[in-house]
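Listed here are the chains, written in short residue letters.
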Amino acid sequence: MLRVSTRVRGLQAPYSALTRTVVSMGIRFSIVLLIAVAPSQAFADVIADWRFQKGRNGDVAATSQLIEDSSGHDRHGRAVGGPRFRSVALPKSNLGLVFDGIDDRVTVPDDPLFYLTKSLTIEAYVEIADYPTSDEELGHIVFRGDDRAGFDPWFLAITQSGQLRFLVADALNNASVVLSPKPLPTGKLLHVAATLDDETGEQNLYINGERVASTKTKIRACGSLAGFNPGIGIGNRYMHSNQAFRGTMAEVRISNESLGPSQFLPRVSSTTLEAE
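Being a predicted model, the structure only gives us computed values, none of them experimental. (Residues numbered from 1 in each chain as written. Predicted model: local features only at pLDDT ≥ 70, side-chain atom pairs only at ≥ 80, totals over all residues. Heavy atoms only, no water.)

1. Observations concerning the overall build of the protein
Scanning the protein for helices and strands turns up 0 helices and 19 strands. Put simply, the protein has 276 residues, and 47% of those count as buried. A separation of at least 24 residues holds for 63% of the contacts in the protein among residues at least 6 apart in sequence. Put simply, the protein shows about 13,400 Å² of open surface, and 49% of that area lies on carbon and sulfur atoms. (Helix = DSSP H or I, 4+ residues; strand = E, 2+ residues; numbered from the N terminus. Buried < 20%, exposed > 50% of the residue type's maximum accessible area, 1.4 Å probe, protein only. Contact = heavy atoms within 4.5 Å. Areas by Shrake-Rupley, 256 points an atom, 1.4 Å probe, with all protein chains shown as cover.)

Here's what the structure looks like:
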């Protein structure tokens with residue numbers, strides 16, 4: 001049996017394809033049977049996957065340089081502020097972007113694909129160079145929101161104390177936050193992940209595939225945004241702010257399912273980031 005993750009027009013669930021060859025009157029036919037896959041077996045839908053591959057080690061990403069989404073949904077971003085390419089050694093990536101913690105970022109226009117009102121997973125490879133300098137600031141790894149203070153449907157960020165913070169907020173700005181109990185180390189490439197499961201209400205944080213914090217919540221992220229300049233920011237908010245990430249990111253991936261560690265991007269070793 002061949003299992004496929006694409007979808008056929010008119011079918012609402014992923015399916016498996018069972019192919020049989022039949023010979024009748026000297027003519028060979030191929031018959032394909034489509035079998036619905038149970039939800040527990042279904043492949044998660046990756047809605048965006050930015051890998052930062054269109055550059056060379058040491059080069060600056062020019063203003064408005066295209067940052068391609070490799071998920072197939074073509075939710076491409078644009079470099080802003082001049083983040084710099086850096087060599088990494090990951091299964092799907094050989095380059096990352098270094099963000100200066102001031103004005104470097106990647107911006108992605110908002111889209112209904114990012115209306116993650118049920119389950120979601122945010123993943124990234126990050127190496128923190130330094131923590132934010134004020135307890136009122138965050139170093140945004142990935143952010144969705146608009147110009148308003150608050151009303152951010154979801155983000156993953158580093159706090160002034162070095163902790164990983166995952167927030168989801170509804171349309172009334174009611175928020176649920178999960179915080180890692182310890183600061184993340186600087187100078188070390190890590191895989192970080194945040195998940196929200198619509199069925200169970202579990203909101204989790206993972207570092208290198210190990211769950212480090214969890215809570216249960218009834219809050220779900222809001223969909224459409226009412227403020228000006230809605231969008232996705234990688235390395236900062238969508239519009240310039242003082243909430244910039246300082247360090248390297250090698251990939252950012254967003255899914256509309258709550259993934260488990262076995263479904264995450266591969267874990268990293270201490271040798272996957274080259275010295276500058």
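2. Describing the environment of Leu189
On the secondary structure map, Leu189 appears in strand E15 (residues 189-196). On the accessibility criterion, Leu189 (5% relative accessible area) is buried. Placed 62 residues apart in sequence, Leu189 and Glu127 show a C-alpha to C-alpha distance of 4.3 Å.

3. So, the nonpolar core
By size, the foremost hydrophobic cluster in this structure holds 45 residues, and its most contacted members are Trp50, Ile141, Trp154, Leu156 and Ile234. With 5 residues, strand E10 (residues 120-128) is the largest single contributor of residues to this core. Other than its neighbours up to four places away in sequence, Leu156 contacts Ile122, His140, Ile141, Val142, Leu164, Arg165, Phe166, Val192, Ala194 and Leu205. (Core = buried A, V, L, I, M, F, W, Y, C linked by side-chain atoms within 4.5 Å.)

4. Brief notes about the side chain of Asp69
Structurally, the position occupied by Asp69 is in the loop between strand E5 (66-67) and strand E6 (77-80). Summary of buried charges: Asp69 has no salt-bridge partner, and the nearest side chain of opposite charge, Arg75, is 6.0 Å away. Within the structure, the side chain of Asp69 is placed 2.8 Å from the backbone nitrogen of Asp49, a separation counted as a polar contact. Within the local environment of Asp69, its side chain forms a polar contact with the backbone nitrogen of Asp74, the two atoms lying 3.3 Å apart. Not counting the four nearest positions on each side in its chain, Asp69 is found in contact with Ile47, Ala48, Asp49, Trp50, Asp74, Arg75 and His76. (Lys, Arg positive; Asp, Glu negative; His and termini not counted. Salt bridge = Lys/Arg side-chain N within 4 Å of Asp/Glu carboxyl O. Polar contact = N/O pair within 3.5 Å; in protein donor to acceptor, adjacent residues only side chain to side chain.)

5. Comments concerning the pairing of strand E14 (residues 175-179)
Because side chains alternate across E14, one face comprises the buried residues Ser176 and Val178, and the other comprises Ala175, Val177 and Leu179, none of which is buried. As paired elements, strand E13 (residues 164-169) and E14 share 5 bridges and run antiparallel to each other. Bridging across to E14, Val168 finds its partner in Ser176. (Pairing = 2+ DSSP bridges.)

6. Regarding the packing of aromatic side chains
Tallying each qualifying case throughout the model produces 3 aromatic pairs. Their ring planes at 25° and their centres at 6.5 Å tell us that Phe143 and Phe155 sit as a pair that is stacked. Residue Phe143 is located in strand E11 (residues 139-145), and its partner Phe155 is located in strand E12 (residues 154-158); the two are separated by 12 residues in the primary sequence. The pair formed by Phe143 and Phe155 is uniform in burial state, with each residue classed as buried. (Phe/Tyr/Trp six-rings, centres within 6.5 Å; stacked < 30°, edge-to-face > 60°.)

7. Examining unusual backbone geometry
A positive phi angle, near 60°, is found at Asp74, a position not held by glycine. For Asp74, the location among the structural elements is in the loop between E5 and E6. Under the relative-accessibility criterion, Asp74 is labelled partly exposed at 45%. Although it is not a glycine, Phe151 adopts a positive phi angle of roughly 60°. Of note, Phe151 is situated in the loop between E11 and E12. For Phe151, a relative accessible area of 25% translates into the label partly exposed.

8. Digging into the pattern of salt bridges
For the coordinates displayed, the defined rule picks out 13 salt bridges. Notably, a salt bridge pairs Arg51 with Asp49, separated by 3.2 Å at the nearest N-O pair. The class for Arg51 is partly exposed, based on a relative accessible area of 21%. Notably, a salt bridge pairs Asp130 with Arg246, separated by 3.4 Å at the nearest N-O pair. Remark: Arg246 occurs in strand E19 (residues 246-255) and Asp130 occurs in the loop between E10 and E11; sequence separation between them is 116 residues.

9. Description of the sheet that holds E6
Spatially, 8 strands are ordered E5-E6-E9-E18-E11-E12-E13-E14 in an open sheet, and the strand pairing comes out antiparallel. The sheet is open, and its two borders are formed by E5 and E14, each paired with just one other strand. Bridging between E12 and E13 involves 5 bridges; their strand directions are antiparallel. Residue pairing across strands places Trp154 opposite Val168, the latter belonging to E13.

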